[in-house]
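Below are the chains, spelled out letter by letter.
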Amino acid sequence: MKKLFNLTALALLAFSAFAQAEELRVMTSGGFTAAYKVLGPKFAANTGNTLDTILGPSMGKAPEAIPNRLARGEQADVVIMVGYALDDLIKQGKVDPASRVELADSRIGLVVREGAPKPDISNVDALKKTLLDSQSVAYSDSASGVYIEQQLFKKLGVEDQLKPKAKMIPKIPVGSVVATGDYQLGFQQVSELLPVPGVTYVGKIPESVQSVTRFAAGIPVGAQHPQEAKALLAYLAAPAAQADVQATGLDSVKR
């Protein structure tokens with residue numbers, strides 16, 4: 001009887017713990033999504049909480065963009081996005097400044113269609129030649145693409161030559177339009193390029209012209225489950241999570 005009582009008590013405790021589990025609404029942008037897809041289920045399994053995940057860019061005019069979702073009054077417990085875009089939401093009073101957690105650094109890489117020769121981007125001169133010799137170039141409508149369009153082409157002195165053949169791709173992964181053959185070269189953050197089938201990853205652009213994007217997360221003001229959200233952010237930033245973060249093409253934040 002004593003053993004049966006103990007088992008019943010344990011079962012009741014387990015039921016009580018999961019009865020208090022919550023569903024967290026998470027909005028995440030592309031650069032950290034691959035890491036989140038690995039770490040999120042582990043967090044859910046460890047805590048009993050469930051994650052309702054919504055994907056959207058950190059910025060831009062698309063209705064799916066996280067700032068636009070929040071502006072429409074959509075609710076979220078956690079937002080994961082480009083650090084400076086998160087800072088804008090904090091300045092607007094939409095995200096609790098005390099909740100901000102830095103997650104990872106993301107660098108820009110290049111893909112070509114699977115089976116195509118790998119171009120040389122090992123140094124600045126090689127990257128410049130590859131761009132000039134290319135037939136078409138695609139880049140994202142998020143942080144990496146903004147940098148490429150507004151700064152990288154100018155730094156390399158190829159802005160005028162690239163205008164007729166380079167295009168910003170909204171909403172969808174840049175690798176997908178390279179995989180179909182619509183574009184020869186595709187630039188985006190490495191973590192967003194690696195999961196795309198039908199492309200070959202070439203490498204990161206040279207560090208001297210690289211743009212490092214910091215991804216961070218925070219808890220929107222008025223979140224329904226702030227304590228559980230805080231636990232999720234701590235989990236994503238923990239040392240134990242860094243092997244999974246790095247495996248997706250991101251770089252760990254030096255703390």
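About the criteria used
Residues numbered from 1 in each chain as written. Predicted model: local features only at pLDDT ≥ 70, side-chain atom pairs only at ≥ 80, totals over all residues. Heavy atoms only, no water. Phe/Tyr/Trp six-rings, centres within 6.5 Å; stacked < 30°, edge-to-face > 60°. Helix = DSSP H or I, 4+ residues; strand = E, 2+ residues; numbered from the N terminus. Buried < 20%, exposed > 50% of the residue type's maximum accessible area, 1.4 Å probe, protein only. Axes fitted to C-alpha atoms, helices over the stretch in contact; angles between N-to-C directions. Parallel < 35°, antiparallel > 145°, perpendicular 65-115°, else oblique. Left-handed = near helix turned anticlockwise from the far one by under 90°. Contact = heavy atoms within 4.5 Å. Nonpolar A, V, L, I, M, F, W, Y, C, P; charged D, E, K, R; others polar. Domains from an automatic or database assignment. Buried area = accessible area lost by both parts, 1.4 Å probe. Salt bridge = Lys/Arg side-chain N within 4 Å of Asp/Glu carboxyl O. Polar contact = N/O pair within 3.5 Å; in protein donor to acceptor, adjacent residues only side chain to side chain. Expected span 1.5 Å × (residues − 1). Bend = angle between axes of the 7 residues up to and from the residue. Pairing = 2+ DSSP bridges. Right-handed = clockwise from strand over helix to strand, strands pointing away.

Description of the packing of aromatic side chains
Item 1. If you walk through the whole model with that rule in mind, you get two aromatic pairs.
Item 2. On the numbers, 6.0 Å between centres and 80° between planes, the contact of Tyr-139 with Phe-153 is edge-to-face. Taken together, the residues Tyr-139 in strand β6 (residues 137-140) and Phe-153 in helix α6 (residues 143-156) connect sequence positions 14 residues apart.
Item 3. With a relative accessible area of 4%, Tyr-139 lands in the buried category.
Item 4. A relative accessible area of 5% means that Phe-153 is categorised as buried.

Quick word on the packing of helix α2 (residues 30-47) against helix α10 (residues 226-237)
What describes two packed helices is the angle between their axes and the distance between those same axes.
Item 1. Between α2 and α10, whose axes approach to 10 Å, the crossing angle comes to 120°. Judged by the angle between their axes, α2 and α10 are oblique. Crossing handedness for the pair α2 and α10: right-handed. Taken together, the residues of α10 that come into contact with α2 (itself represented by Phe-32, Leu-39, Lys-42, Phe-43 and Asn-46) are Glu-228, Ala-231, Leu-232, Tyr-235 and Leu-236.
Item 2. Its residues placed into classes, the contact of α2 with α10 shows seven nonpolar, one polar and two charged.

Concerning unusual backbone geometry
Leaving glycine out, the prevailing phi sign among residues is negative, and the prevailing peptide bond configuration is trans.
Item 1. Even without a glycine there, the phi angle at Lys-171 is positive, about 70°.
Item 2. Mapped onto the elements of the fold, Lys-171 is located in the loop between β7 (166-169) and α8 (174-179).
Item 3. Residue Lys-171 is classed as exposed on the basis of its relative accessible area of 58%.

Concerning the domain arrangement of the protein
Item 1. As far as domains go, the protein holds domain 1 (24-106 + 213-252) and domain 2 (108-209).
Item 2. Relative placement of domain 1 and domain 2: their C-alpha centres are 26 Å apart.
Item 3. Per-residue buried area on domain 1 facing domain 2 is highest for Met-59, Ser-106 and Gly-249; these three make up 30% of the total on that side.
Item 4. There are one salt bridge connecting domain 1 and domain 2.
Item 5. Connecting domain 1 to domain 2 are three residue pairs in polar contact (both at pLDDT 80 or more).
Item 6. Where the side of domain 1 that touches domain 2 is concerned, the elements lending two or more residues are α2 and β10 (213-218).
Item 7. If one sorts the elements of the side of domain 1 that touches domain 2 by residue count, α2 sits on top with three residues.
Item 8. Its residues assigned to classes, the side of domain 1 that touches domain 2 comprises seven nonpolar, seven polar and two charged.

As for α6
Item 1. Over its 14 residues, α6 extends 18 Å from the first C-alpha to the last, a length consistent with the 20 Å expected when each residue adds 1.5 Å.
Item 2. If you look at α6, its biggest bend is around 40°, right at Glu-149.
Item 3. All of the buried residues in α6 are Ala-143, Ser-144, Gly-145, Tyr-147, Ile-148, Leu-152, Phe-153 and Leu-156.
Item 4. Positive phi shows up at Gly-157, right after α6, with a value of about 70°.

Looking at the sheet that holds strand β3 (residues 78-82)
Item 1. Spatial ordering of the open sheet is given by β2-β1-β3-β10-β4-β11, a layout of six strands whose pairing is mixed. Of all the strands in the sheet, the pair left with one neighbour each is β2 (50-55) and β11 (251-252).
Item 2. Where strand β4 (residues 101-106) lies against β11, two bridges are found, and the strand directions are antiparallel. What sits directly across from Ala-104, in β11, is Ser-252.
Item 3. Sitting on the sheet, α2 is in contact with β1 (23-28), β2, β3, β4 and β10, with an inclination near 160° to β1.

Considerations on the pairing of β1
Item 1. Inspection of the sheet shows β1 paired to β2 by six bridges, in the parallel sense. Considered in β2, the bridge of Leu-24 is made with Leu-51.
Item 2. Crossover β1 to β2 through α2 is right-handed.
Item 3. When β1 meets β3, the two strands line up parallel, connected through three bridges. Paired with Met-27 across the strands is Val-79, a residue of β3.

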